[in-house]
Amino acid sequence: MTTVYDVTTWTVPGNPGATPYADIGLTINSIIADVKSQQTSQASKPGAVIYIPPGDYSLKTRVNVDISFLTIRGSGHGFTSLSIRYNAGNTSGWHEVNPGGSRIRVEKTDGNGDAFRVFRTGDPRLSSIIFENFCLDGVSFGSNQNSYLNGKTGIRFDSANDACRVEGVGMVYLEHGLVVKDTDALSVSGNFLAECGSCIELTGSGQASKVTDNLIGAGFVGFSIFAEGHMGLLVTGNNVFPRGRSSVHFKNSTRSAITANRFHAFYPGMVNFEGSCTENLVASNHFLRQMEPFDPLKPYNNGLDDLFGLVHVAGNSNTVTGNHFSYDVPAGSVNPPSQPPTMVLVASGNNNFIATNNTVASVPVRTVVLDAATAGTKVLDCGTSAEFQAHGSPHSFRATP
Amino acid sequence: MTTVYDVTTWTVPGNPGATPYADIGLTINSIIADVKSQQTSQASKPGAVIYIPPGDYSLKTRVNVDISFLTIRGSGHGFTSLSIRYNAGNTSGWHEVNPGGSRIRVEKTDGNGDAFRVFRTGDPRLSSIIFENFCLDGVSFGSNQNSYLNGKTGIRFDSANDACRVEGVGMVYLEHGLVVKDTDALSVSGNFLAECGSCIELTGSGQASKVTDNLIGAGFVGFSIFAEGHMGLLVTGNNVFPRGRSSVHFKNSTRSAITANRFHAFYPGMVNFEGSCTENLVASNHFLRQMEPFDPLKPYNNGLDDLFGLVHVAGNSNTVTGNHFSYDVPAGSVNPPSQPPTMVLVASGNNNFIATNNTVASVPVRTVVLDAATAGTKVLDCGTSAEFQAHGSPHSFRATP
Amino acid sequence: MTTVYDVTTWTVPGNPGATPYADIGLTINSIIADVKSQQTSQASKPGAVIYIPPGDYSLKTRVNVDISFLTIRGSGHGFTSLSIRYNAGNTSGWHEVNPGGSRIRVEKTDGNGDAFRVFRTGDPRLSSIIFENFCLDGVSFGSNQNSYLNGKTGIRFDSANDACRVEGVGMVYLEHGLVVKDTDALSVSGNFLAECGSCIELTGSGQASKVTDNLIGAGFVGFSIFAEGHMGLLVTGNNVFPRGRSSVHFKNSTRSAITANRFHAFYPGMVNFEGSCTENLVASNHFLRQMEPFDPLKPYNNGLDDLFGLVHVAGNSNTVTGNHFSYDVPAGSVNPPSQPPTMVLVASGNNNFIATNNTVASVPVRTVVLDAATAGTKVLDCGTSAEFQAHGSPHSFRATP
């Protein structure tokens, strides 16, 4: 009785003609059914590992994961840039044109947008499910290959979960890469998630999770890293490149840390707090804001103007310290024109603390702006008095000498 | 002559009835003996990999690792919360009740508390031993499932070692998770170590090691991360949740870094320096201190009061900068009552540097307190004059404007 | 048609006597040829995984990787210190004397210095090649085992590449460990690279890459981490020990981050900016500078004197903040004698920002020195006026109170 499965050697009971190349979803669901049929004792359900060797697999049927302790593992995240390819013109002379590794083509032909759905009712929460080192390829964004829209999601955790991992995975050309609802102690590490509408969306609620050591870059339509209702999230050591509408977006999240990341964006709102986000730390990050240099994507942006802030704070008692901001936008491209762009905007909330951030800019900027709905902000060593603007709120300010 | 072993296919010589399900310790020791019998040339002892497929294994006999270059590897850290289960009442309707993955039940029936012991005399030190991606389950804390006491240790390195790794491992319900003595260039990364009395204890001495990218939470009796006599330890990118008696505890350790972590605790003494700890950096961490919310564990704490400091500095020339402190304790729960809790206590030592830390608190606090045994401390931009207290020592202080 | 290869079971077509023990290069090249012969459709070239079990393999023939999506993977980075062994005298009583794990002895007998070369012309760039968890052993530095010179390179990426990974690899006694040219979104993580002349050299150009979570220590002749012409490189979470001539060396690199690392060195120039390096962030790092304590290596150094700076800044608009410097050199060893050593030297460039760095030193030091070729530097809270020196440039200075 094995607990180590290989999709290429599994025979689907009653369907001997089925192959993982034709529909790996069917194969994996069949393997999960086998695991469940073998592991029927409440006291002993150790799960299994399902191995996906390098290869090209279609996924036509959604995989339904409803057991704990399942590892789905490949050999190779297999990313290659489809954006470059689709915008390259004639690629007939190319060595290869598609992603590779343990590559799953998400075809969404069963009417479900999700390639993998993790879901179970009852107790306990699903625990320690692992997705590791394979490739989820959305194949195409349809008639407009720069739209980032195709209704496909790579992996969706759809019920509360604990101690799960998504590590070393590659995703490309999915409208949504990884969506995780109501998570506890999640690890999202070492992945390559790029050219997806959104890359990581932590929805509903969550606590004590980490998003670390990833290479990430979403599309202009979505999020590179999104967290809603989270407490104690650690976002550290990521290299987040364009062109997500933000680098990190928190919605009603609290007591979390965004530290030691490198962020690069083509729009304002790189770290964006929505709703009320409180007591978060944004420290030791490198921010770079430039203009979109790639002709096919120049028509697009996230709709925000330069007064929105590279960091947009909404909520009380956040700490923003020790960050570097590089703002490199030609004067003629600043929007609204002739107004100094804002590096850190405190849009609302009390007692935020903004200290020892350094800004380098191609045009005169406001390093910190306090909107009228703020109070008690402290701003220390973040630029000159001319670079600071406070709209009527009580606040403290110490100019950089 | 293979160097790739699978515990489920190995036959113990002279004991054909032995199985890893009955005693994986016996199996692994037999495999190690085989490796040693095959690799007898001093010039060529490359070691081996011992694979533990997902499954439920008992460990009755301690594993003795006395060869370099051995990898013991599973598929799945397999954590599930035993604390929730044991405190949940009737779990008869649950899907599953035990941890899983490549799960080893530590039964400690041979009189040894350690499941794995790494030990060798002579030269050179044991090198490059790897524990990876399996589960060590202590099963039970006995009559009081909230005691964190059962005399069981997951992995103990008991002689000097170099370049070893513990990565991706899960541990639960062990009194001691990982104990490593006299280590050099150790990597403890990507693990899930929770609901153990202590999680990581680096004892004796050590240098140039790292504890990175882990999810960790010890019990109130012990340590989440402990380091004794260490030099050049890097603790970064960890999410350390309750309820260890500390988040990071240094004893006579020096020139080490605690950076970019997220710490959450229910007691004072989150970063705790014991003895003389010098020239360490504590930077860009997020600290959250709350009260224990879980009824079964409300009776317990670490015995420290709120004057001890969330960060407790003892020793010279440490740097504490760029941290965020959230202190969220109802006024009636502060201990001693009616005294302002301390965020950073410099208990002893000269020339410590405390700068640009921000505090958010539910009650009036002292952000920095200097005890009488200190001298030459510099405190910059860590709060108001009213939040600062110095007991007679020469010091520098600049209030946050 | 498999995509999972094992070097120990592969038969080289036309050369049945060939074994990976005699020449793993020949074996791997033969496997790559097989992959190419099987994967001929432009639309489907998913690559393969080549597994190297623990063992001792010679590499006599250079491996030529010219396909995307190839994983070369072992079980065990296998580091052991050859420096200790070669300087230990009689080791006849030792348990073992060589590195292990999946150990490849780089013998360089085909006239090529590189063990692995990744190279392809045409489009697209090679993508998602992975080197993982094996050992590259240069065996010897010849007549002077402390020379760090033998003309051997472990892995060289020699044409533009994207989304590649080098993870969990061990390297020892190579003149050059990893050399990567013109890289995009590279991940170098979790490796053990030590006792090599240089460890990581990112040459030519590069962007959006990361060097994270490694244990690294080069020789006095070379670089621990070198990056040339890079933009958006993230160097975080590394423990870099001696004795490289620098810990991190940037040449004409920009908008990159060096954060939350631990650096230990025996010479000045620990973070060294060459040419023009602009808009970089150096934050939350721990620096320790001592004298070489190991007799056999005391004759050697990197040729720089103590006025060069532990951090040497050349270029505009860099940020150096929140770092700890420990300088522990006896007064009699300072060079030039009787002059205060420099912690941060701004050698050239405008508008650099140096703030809230703390220094602990065994002798009186200059914490920050501004050379004459600088302008507009801001220095805040980095020491006393006596510890600061500015050679005629306009600048701002605020002494630590």
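Note that the coordinates shown come from a computational prediction; the quantities given were computed from them, not determined experimentally. (Residues numbered from 1 in each chain as written. Chains lettered and ligands numbered in written order. Predicted model: local features only at pLDDT ≥ 70, side-chain atom pairs only at ≥ 80, totals over all residues. Heavy atoms only, no water.)

Trainee: Honestly, the overall build of chain A in this entry has me stumped. Any pointers?
Mentor: Each helix and strand counted, chain A has two helices and 41 strands in total. Taken over C-alpha atoms, the radius of gyration comes to 23 Å for chain A, in line with the 21 Å a tight globule of 401 residues would show. On the principal axes, the C-alpha backbone points of chain A span a range of 75 × 55 × 30 Å. The buried share of chain A, reckoned over its 401 residues, is 67%. (Helix = DSSP H or I, 4+ residues; strand = E, 2+ residues; numbered from the N terminus. Rg over C-alpha atoms; globule rule 2.2 N^0.38 Å. Buried < 20%, exposed > 50% of the residue type's maximum accessible area, 1.4 Å probe, protein only.)

Trainee: Even after reading the chapter, I still don't get the interface of chain B and chain C, so can you show me in this structure?
Mentor: Interface size is commonly expressed as the accessible area that is lost once the parts come together. At the junction of the two partners, chain B supplies 59 residues and chain C supplies 58 residues. Carbon and sulfur atoms supply 55% of the area buried between chain B and chain C, which totals about 4300 Å² over both sides. Counting the surface chain B buries against chain C, the share from its top three residues, Gln 42, Arg 165 and Arg 255 of chain B, is 15%. Where chain B touches chain C, the interface holds four salt bridges. Where chain B meets chain C, there are 33 residue pairs in polar contact (both at pLDDT 80 or more). A per-class count over the side of chain B that touches chain C returns 21 nonpolar, 26 polar and 12 charged. (Contact = heavy atoms within 4.5 Å. Buried area = accessible area lost by both parts, 1.4 Å probe. Salt bridge = Lys/Arg side-chain N within 4 Å of Asp/Glu carboxyl O. Polar contact = N/O pair within 3.5 Å; in protein donor to acceptor, adjacent residues only side chain to side chain. Nonpolar A, V, L, I, M, F, W, Y, C, P; charged D, E, K, R; others polar.)

Trainee: Sorry, what's going on with the relation of the copies chain B and chain A here?
Mentor: Note that the two copies of the chain are related through a rotation about an axis and a translation along the same axis. After a rotation of 120° and a shift along the axis of 0.0 Å, chain B superposes on chain A with an RMSD of 0.0 Å. Viewed as a symmetry operation, the transformation between the two copies matches a three-fold axis. An overlap of only 7% is found between the interface residues of chain B and their copies at the interface of chain A, pointing to separate contact surfaces. (Least-squares fit on C-alpha atoms with pLDDT ≥ 70 in both.)

Trainee: What am I meant to see in the pattern of salt bridges here?
Mentor: Pairing between side chains becomes possible if they bear opposite charge and their charged atoms approach one another. Under the counting rule described, the total for this entry stands at 57 salt bridges over all chains. Residue Arg 105 of chain A pairs with Glu 107 of chain A through a salt bridge whose shortest N-O separation is 3.4 Å. A salt bridge links Asp 295 of chain C to Lys 298 of chain C; the nearest nitrogen and oxygen atoms lie 3.0 Å apart. By relative accessible area, Asp 295 of chain C is classed as exposed at 55%. What you see here is one network of salt bridges that share partners, running through Asp 381 and Arg 398 of chain A, Asp 381 and Arg 398 of chain B together with Asp 381 and Arg 398 of chain C.

Trainee: In this structure, what is going on with the relation of the copies chain B and chain C? I would like to understand it.
Mentor: For the pair chain B and chain C, the superposition axis carries a translation of 0.0 Å, the fit reaches an RMSD of 0.0 Å, and the rotation angle comes to 120°. Comparing interface residues between copies, only 8% of those in chain B also lie at the interface in chain C; the contact surfaces differ.

Trainee: Please clarify how the confidence of the model for chain A should be interpreted in this entry.
Mentor: Any residue range with low pLDDT should be treated as having predicted coordinates unsuitable for detailed reading. Taken as a whole, chain A shows an average pLDDT of 97; of its residues, 100% reach a score of 70 or greater. Listed scores for the predicted complex are pTM 0.99 and ipTM 0.98. (pLDDT = per-residue confidence, 0-100.)

Trainee: I keep staring at the sheet that holds strand S24 (residues 239-240) of chain B and nothing clicks. Help me out?
Mentor: The strands making up a sheet are joined through hydrogen bonds of the backbone, oriented either antiparallel or parallel. Residue and element names in this part refer to chain B. The strand order across the open sheet built from 11 strands is S3-S6-S10-S14-S17-S20-S24-S27-S30-S33-S36, with neighbouring strands paired in parallel fashion. For this open sheet the edge positions go to strand S3 (55-59) and strand S36 (358-361), each flanked by a neighbour on one side alone. Two strands pair when backbone bridges link them, and S3 and strand S6 (residues 102-106) are joined in this way by five bridges, in the parallel orientation. What sits directly across from Gly 55, in S6, is Ser 102. Sheet strands in contact with helix H1 (residues 20-38) are S3 and S6, and its direction is about 55° off that of S3. (Pairing = 2+ DSSP bridges. Axes fitted to C-alpha atoms, helices over the stretch in contact; angles between N-to-C directions.)

Trainee: So what exactly am I meant to see when it comes to the sheet that holds strand S36 (residues 358-361) of chain C here?
Mentor: Residues and elements named next belong to chain C. Taking strand neighbours across the sheet as the criterion, the 11 strands line up as S3-S6-S10-S14-S17-S20-S24-S27-S30-S33-S36 in an open arrangement whose pairing is parallel. Strand pairing shows two members of the sheet lacking a second neighbour, strand S3 (55-59) and S36, which therefore form its edges. In terms of strand pairing, strand S6 (residues 102-106) meets strand S10 (residues 135-137) through three bridges, oriented parallel. Paired with Arg 103 across the bridge in S10 is Cys 135. The sheet contacts of helix H1 (residues 20-38) involve S3 and S6, and relative to S3 the element is tilted by about 55°.

Trainee: Looking at this structure, how should I read the pairing of strand S18 (residues 198-207) of chain B?
Mentor: For a regular strand, side-chain orientation follows a simple rule: the groups alternate between the two sheet faces. All names here are of chain B. By the bridge criterion, seven bridges tie strand S15 (residues 176-184) to S18 in an arrangement that is parallel. Within S18, the position partnered with Leu 178 by the bridge is Ile 200. In this structure, S18 lies alongside strand S21 (residues 223-228), joined through three bridges in parallel fashion. Considered in S21, the bridge of Glu 201 is made with Phe 226. The pairing of S18 with strand S22 (residues 230-231) spans two bridges and is parallel. By the bridge assignment, Gln 207 is partnered in S22 with Met 231.

Trainee: How should I be thinking about the environment of Ala 22 of chain A in this particular structure?
Mentor: All names here are of chain A. Structurally, Ala 22 can be placed in helix H1 (residues 20-38). According to the relative accessible area criterion, Ala 22 is partly exposed, its value standing at 40%. Residues Ala 22 and Asn 316 lie 294 residues apart in sequence; the distance between their C-alpha atoms is 53 Å. The residues contacting Ala 22, other than those within four sequence positions of it, are Ser 58 and Lys 60.

Trainee: When you look at the packing of aromatic side chains in this model, what are you seeing that I'm missing?
Mentor: Remark: the centre distance and the inter-plane angle together describe each pair of aromatic rings, the angle taken between the planes. Under the counting rule described, the total for this entry stands at 54 aromatic pairs over all chains. Here the aromatic rings of Phe 131 of chain B and Phe 157 of chain B are separated by 5.8 Å at their centres, their planes lie at 85°, and the arrangement is edge-to-face. Placement of Phe 131 of chain B in strand S9 (residues 130-132) and of Phe 157 of chain B in strand S11 (residues 153-157) is noted, with a sequence separation of 26 residues between them. In this pair, the class of Phe 131 of chain B matches that of Phe 157 of chain B, namely buried. A centroid spacing of 6.4 Å and a plane angle of 50° characterise the contact between Phe 192 of chain C and Phe 241 of chain C, whose relative ring orientation is tilted. Placement of the pair is Phe 192 of chain C in strand S17 (residues 192-196) and Phe 241 of chain C in the loop between strand S24 (239-240) and strand S25 (246-251), with a sequence separation of 49 residues. A relative accessible area of 14% places Phe 241 of chain C in the buried class. Joined through ring pairs, the aromatic side chains of Tyr 86, Phe 141, Tyr 148, Tyr 173, Phe 220 and Tyr 300 of chain A make up one cluster. The ring of Phe 119 of chain A carries Arg 117 of chain A above its face, with NZ or CZ at 4.2 Å from the centroid. (Phe/Tyr/Trp six-rings, centres within 6.5 Å; stacked < 30°, edge-to-face > 60°. Lys NZ or Arg CZ within 6 Å of the ring centre and 35° of its normal.)

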